[in-house]
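Tertiary structure, described
Each chain, letter by letter, is given below.
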Amino acid sequence: MKEILKFGGASIKNAESIKAVSKIIKDYTNPDVVIVFSAIATVTNLLEGLVEAYHRKDNDVLMKFNEIKSFHISLVKDLFNSEHHIFDIINNLFVEIEWALEEEPNQIFSYDYDQIVSIGELLSSNIMSEYLKEVSFQNEFLDVRDVFKSDNNYQNANIDWELTEEICKEKIKNIPVVTQGFLACSSENFTTTLGREGSDYSAAILAYVLEAERVVIWKDVDGVLTSDPRHFNDSKLLDKLSFSEAVELAYYGAKVIHPKTIQPLQLKNIPLQVRSFINLENPGTIISDFKITYNIPSFIVKENQMLVSISDKKLSFIVEDHLSYIFSLLDKNNLSVNLMQNSAVSFSLCIDSSKNSVKFLSELKDKFDVLYNSNLTLHTIRHYDKQSLDSFIKNKKIILEQKSRNTVQLIVE
Ligand code: ADP
Ligand code: ASP
Ligand code: MG
């Protein structure tokens, strides 16, 4: 029975947690596993900062690079003796970054992003593969770029499913395999990435193409909860979720699972277990082909939102061709709409604030009158009832509310 296990950055943040995760893996009863690792804790953010500094030609590029390098070297010193070949592996990966930084920045930022930020996953997975061998868990290291083929839509690459399935089936055999999430490879042989937090999705891709029997995602929470415990203090565990409910929660922004994760699993009816790497007694949440009626409200918070109101410069109706133009700009800037509403003469949409949203606004202003509010929070309540809604909105300044039978969404200042 093949299983895919995925460990995120939070589970391998330091030597102590790497040891704890290694014990979990060693004690796991099924040896027929493919294990997927994300980059260590904040490393992706640090590498992102490095690429941005390199593109702006800031003068602290080298400092940022050294910070990431010395973090990894000191971690590896805590785990291995000084003769171990992991030091060469790590040094070589940093040489790859150095070479990239010596070149003039590519005109395509996202190309440079993928070549550099991807090193985070290569570092963590090599460290984990070698450390697992140290504790006598033999495994084969797999560079996932040899088996995951994608287009060249850098930072948000699309998997070539047929080719990926063929290569994975041929190359991934029945032994414990240690690999990375988040990465793939274009037909021109360049590294691509699958979107931030994309390692959950990588685990689902592997499960789909290898027809695995289960995916287990290990988190710093007990499973999927009714709300993010960082924002609420009464979050409760949802022990069972249907695929479709999990898709909804992830879509509205429940950060615990990447939204693209569920679809490949649902297509092959592969259950997903979300469980804690801290509280090992708790089996967590099982997401599967369940038919469940939900009656507990779930709360989802999306911060850093922007509400944009768009109207025609001559105050004429917002009609389909306007909408099609607005959506083409959203697509071009890689933005997704978290909520929308229209009236005769204006169209409003809520999007994440980012560098891309600034570009979107400036392009939009060429053709339309645009007003916007930023620093907003989008709250979604699934399976709301009168009591949960009333107590939630108390003392809040709501600037837009949208209700359907199962879901209420509120934009709050
Ligand atoms: P990973 O280590 O895999 O990258 P993440 O940090 O992306 O893990 O996801 C786990 C975090 O998701 C939790 O620490 C929690 O704060 C947050 N979270 C948001 N919504 C939920 C929810 N509904 N249930 C559980 N955790 C949630
Ligand atoms: N390391 C990547 C990120 O932080 C992918 C992941 O962790 O899922 O976005
Ligand atoms: Mg994450």
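Structural notes, computed from the coordinates.

Reading the values: rules and limits
Residues numbered from 1 in each chain as written. Chains lettered and ligands numbered in written order. Predicted model: local features only at pLDDT ≥ 70, side-chain atom pairs only at ≥ 80, totals over all residues. Heavy atoms only, no water. Helix = DSSP H or I, 4+ residues; strand = E, 2+ residues; numbered from the N terminus. Buried < 20%, exposed > 50% of the residue type's maximum accessible area, 1.4 Å probe, protein only. Contact = heavy atoms within 4.5 Å. Lys, Arg positive; Asp, Glu negative; His and termini not counted. Charge placed at Lys NZ, Arg CZ, Asp CG, Glu CD. Near = heavy atom within 4 Å. Polar contact = N/O pair within 3.5 Å; in protein donor to acceptor, adjacent residues only side chain to side chain. Areas by Shrake-Rupley, 256 points an atom, 1.4 Å probe, with all protein chains shown as cover. Nonpolar A, V, L, I, M, F, W, Y, C, P; charged D, E, K, R; others polar. Core = buried A, V, L, I, M, F, W, Y, C linked by side-chain atoms within 4.5 Å. Pairing = 2+ DSSP bridges. Axes fitted to C-alpha atoms, helices over the stretch in contact; angles between N-to-C directions. Parallel < 35°, antiparallel > 145°, perpendicular 65-115°, else oblique. Left-handed = near helix turned anticlockwise from the far one by under 90°. 1 Å grid on protein atoms, 1.4 Å probe; cavity = no way out; pocket = protein on both sides within 12 Å on 5 of 7 lines; lining within 4 Å. Points joined across faces, edges and corners; volume = space filled by probe spheres on them. Expected span 1.5 Å × (residues − 1).

1. Some thoughts on the overall build of the protein chain
Counting its regular elements, the protein chain contains 13 helices and 17 strands. Taken along the three principal axes of its C-alpha coordinates, the protein chain extends 70 × 55 × 40 Å. The buried share among the 413 residues of the protein chain stands at 54%. In the protein chain, of all internal contacts separated by at least 6 residues, the share reaching a separation of at least 24 is 73%. Here the protein chain contributes 43 positively and 58 negatively charged side chains, and the mean placements of these two sets differ by 5 Å.

2. Observations regarding the site of ligand 2
All residues adjacent to ligand 2 are Ser38, Ala39, Thr44, Glu121, Phe182, Arg196, Glu197, Gly198 and Ser199. Between Arg196 and ligand 2, the recorded distance is 2.5 Å, taken from a side-chain N or O atom to an oxygen atom. Coverage of ligand 2 by the protein chains reaches 93% of its 260 Å² of free accessible surface. Within the shell around ligand 2, the residues separate by chemical class into two nonpolar, four polar and three charged.

3. Describing the nonpolar core
One recurring pattern in soluble globular proteins is that nonpolar side chains are buried together. In terms of nonpolar packing, the biggest core is built from 99 residues, with Ile4, Ile127 and Ile287 touching the most fellow members. In terms of residues, this core owes the most to one element, helix α8 (residues 199-210), which gives nine residues. Among the nonpolar cores identified, the runner-up in size contains 18 residues, and Met306, Leu330, Leu349 and Leu361 belong to it.

4. Digging into the sheet that holds strand β7 (residues 191-193)
Spatially, three strands are ordered β4-β6-β7 in an open sheet, and the strand pairing comes out mixed. This sheet does not close on itself; its edge strands, each paired only once, are β4 (149-150) and β7.

5. A few points about the side chain of Asp32
Following the sequence through the fold, Asp32 ends up in the loop between α1 (15-27) and β2 (33-37). What makes Asp32 buried here is its relative accessible area of 15%. Once you skip the residues sitting within four places of it in the chain, Asp32 turns out to touch Met1, Lys2, Glu3 and Asn174.

6. Section: the site of ligand 1
As a structural note, the neighbourhood of ligand 1 is formed by 16 residues, with Lys6, Lys219, Asp220, Asp228 and Arg230 the closest of them. In this structure, an oxygen atom belonging to ligand 1 sits 3.4 Å away from a main-chain N or O atom of Ala10. At 2.7 Å, a side-chain N or O of Asp228 approaches an oxygen atom of ligand 1. Expressed as a share of its isolated accessible area of 570 Å², the protein-covered part of ligand 1 is 92%. When the residues that make up the shell around ligand 1 are grouped by side-chain class, the tally is five nonpolar, four polar and seven charged.

7. Some words on the sheet that holds strand β1 (residues 3-7)
The strand order across the open sheet built from eight strands is β3-β5-β2-β1-β8-β10-β11-β9, with neighbouring strands paired in mixed fashion. Across the chains shown, the open sheet's two edge strands, defined by having one partner strand only, are β3 (140-141) and β9 (240-242). The pairing of β2 with strand β5 (residues 177-180) spans four bridges and is parallel. Within the sheet, the bridge partner assigned to Val34 lies in β5 and is Val177. Along the sheet face, α8 touches β1, β2, β5 and β8 (214-219) and points at about 170 degrees away from the line of β1.

8. What about the pairing of strand β16 (residues 398-403)?
Bridge analysis of β16 against strand β17 (residues 407-412) gives five bridges, and the strand direction is antiparallel. Paired with Glu401 across the two strands is Leu410, which belongs to β17. Count of turn residues in the β16/β17 antiparallel hairpin: three residues.

9. With respect to the packing of helix α2 (residues 43-56) against helix α5 (residues 109-117)
Closest axis-to-axis distance for the α2/α5 pair is 10 Å, and the angle between their directions is 140 degrees. Here α5 runs oblique to α2, going by the angle between their axes. In this structure, α2 crosses over α5, and the sense of that crossing is right-handed. Packed against α2, whose contacting residues are Thr44, Leu47, Glu48, Leu50, Val51, Glu52, Tyr54 and His55, the element α5 presents Phe109, Asp112, Tyr113, Ile116 and Val117 at the interface.

10. Here we look at the layout of surface pockets
Taken as a whole, the second largest pocket holds about 230 Å³ of empty space. Around the second largest pocket, the lining is made up of 15 residues, and of these Glu96, Ala100, Gln115, Ile116 and Ile119 lie nearest the centre. Every element with two or more residues in the lining of the second largest pocket is listed here: α4 (86-102) and α5. In terms of residue class, the lining of the second largest pocket is made up of eight nonpolar, four polar and three charged.

11. Observations concerning helix α11 (residues 320-332)
Within an α-helix, residues lying three or four positions from one another point in the same direction, as the helix has 3.6 residues per turn. Between its first and last C-alpha atoms α11 spans 18 Å; for 13 residues at 1.5 Å apiece the expected length is 18 Å, and the two agree. Phi turns positive, to about 55 degrees, at Asn334, one or two residues after α11.

12. Side note on the pairing of β5
With burial as the criterion, each face of β5 is covered, one bearing Val177 and Thr179 and the other bearing Val178 and Gln180. Relative to β5, β3 runs parallel, the two sharing two bridges. Note that in β5 the partner of Phe141 across the bridge is Val178.

13. A word on the packing of α11 against helix α12 (residues 355-365)
Taken N-terminus to C-terminus, the directions of α11 and α12 make an angle of 150 degrees; their axes are 10 Å apart at the nearest point. With respect to their mutual orientation, α11 and α12 come out roughly antiparallel. Seen from above, α11 lies across α12 with right-handed handedness. Only Phe360, Glu363 and Leu364 of α12 make contact with α11, whose side of the interface consists of Tyr325, Ile326, Leu329, Leu330 and Lys332. Grouping the amino acids of the contact of α11 with α12 by side-chain chemistry returns six nonpolar, no polar and two charged.

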